[in-house]
Amino acid sequence: MPVITLDLARAHLRVGPTYPQEQIEPYMAGAEDHAARYLNRAIYPDDAAMGAAVAALPGALTAARVAYEAAVAAAALIENASDRGDALNIAETQYRAARERATRVLNGIVVNPCIVSAVLLILGHLFENREDAVVGATAVELPHGAKALLRHDRRVMMP
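Right, let's walk through the structure included here. (Residues numbered from 1 in each chain as written. Predicted model: local features only at pLDDT ≥ 70, side-chain atom pairs only at ≥ 80, totals over all residues. Heavy atoms only, no water.)

1. Remarks on the overall build of the protein chain
So, step 1. Along the backbone of the protein chain there are seven helices and two strands.
So, step 2. Listed by position from the N terminus, the elements making up the protein chain come as α-α-β-α-α-α-β-α-α.
So, step 3. Its C-alpha radius of gyration of 20 Å places the protein chain more than 25% over the 15 Å reference for a compact globule of 159 residues.
So, step 4. Taking all 159 residues of the protein chain together, the buried fraction comes to 27%.
So, step 5. Put simply, of all contacts in the protein chain between residues at least 6 apart along the chain, 78% involve residues at least 24 apart.
So, step 6. With an accessible surface of roughly 10,600 Å², the protein chain has 57% of that area assigned to carbon and sulfur atoms. (Helix = DSSP H or I, 4+ residues; strand = E, 2+ residues; numbered from the N terminus. Rg over C-alpha atoms; globule rule 2.2 N^0.38 Å. Buried < 20%, exposed > 50% of the residue type's maximum accessible area, 1.4 Å probe, protein only. Contact = heavy atoms within 4.5 Å. Areas by Shrake-Rupley, 256 points an atom, 1.4 Å probe, with all protein chains shown as cover.)

Structure follows, in structure tokens:
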């Protein structure tokens, strides 16, 4: 379930109800994903959704570990050392990615007003600036923009 509704997005973007939904939804998804990545946390609409995601973690981590062990066993059967190393690297990368996703879920956060505001700011930016380059204008990041709204809930991850 998205952090913001389509109606809220349309109102924020100041477009009418006839504006194509399929043109707004990718920006909505991108804005929410951007906020979640900055926070290093999964964002949930309510406690129940977060609880369900956390409850599913043991099964997901077990499946990831089993897949990793199977990939390592399969790699051991590869005769060529370079190919075996590549297979092991792939298995380790996939297992590490599964554990990182689990960490984001475990440290998830229920949406709050700052997150909604930040997602709306990011949405407006994505919608208004649909190109990679700004021509004929000076681009400046606002000091109290989306990052400032998200900073207090951000989970900083150290290597």
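Resuming the write-up.
2. Overview of helix H6 (residues 113-128)
So, step 1. The end-to-end C-alpha separation of H6 is 22 Å, in line with the 22 Å expected for 16 residues at 1.5 Å each.
So, step 2. Residues of H6 that are buried include every one of Ile115, Ala118, Val119, Leu120, Ile122, Leu123, Gly124 and Phe127, and no others. (Expected span 1.5 Å × (residues − 1).)

3. Examining the layout of surface pockets
Empty space among the atoms can be located by rolling a probe the size of a water molecule over them.
So, step 1. By volume, the largest pocket is sized at about 540 Å³.
So, step 2. As for the largest pocket, its lining consists of 13 residues, and the residues nearest its centre are Leu121, Ile122, His125, Glu141 and Ala146.
So, step 3. Every element with two or more residues in the lining of the largest pocket is listed here: helix H2 (21-39), H6 and helix H7 (146-150).
So, step 4. It is H6 that provides the largest number of residues to the lining of the largest pocket, a total of four residues.
So, step 5. Of the residues contributing to the lining of the largest pocket, the split by class is eight nonpolar, three polar and two charged.
So, step 6. By volume, the second largest pocket amounts to about 160 Å³.
So, step 7. Every residue lining the second largest pocket is listed: Asp33, Ala36, Arg37, Arg41, Ala42, Arg101 and Arg104. (1 Å grid on protein atoms, 1.4 Å probe; cavity = no way out; pocket = protein on both sides within 12 Å on 5 of 7 lines; lining within 4 Å. Points joined across faces, edges and corners; volume = space filled by probe spheres on them. Nonpolar A, V, L, I, M, F, W, Y, C, P; charged D, E, K, R; others polar.)

4. Quick notes on the environment of His34
So, step 1. Tracing the chain through its elements places His34 in helix H2.
So, step 2. Its relative accessible area of 44% is what places His34 among the partly exposed residues.

5. Notes on the nonpolar core
So, step 1. Ranked by internal contacts, the top residues of the largest apolar core, which has 24 residues, are Ile4, Ile43, Ile115 and Leu123.
So, step 2. When contributions to this core are tallied by element, the ones reaching two or more residues are helix H1 (6-13), H2, H6 and H7.
So, step 3. When neighbours within four sequence positions are excluded, Leu123 is seen to be in contact with Ile4, Ala9, Leu13, Tyr27, Met28 and Ala31.
So, step 4. Ranked by size, the runner-up nonpolar core spans six residues in total, among them Ala42, Ala53, Leu57 and Ala102. (Core = buried A, V, L, I, M, F, W, Y, C linked by side-chain atoms within 4.5 Å.)

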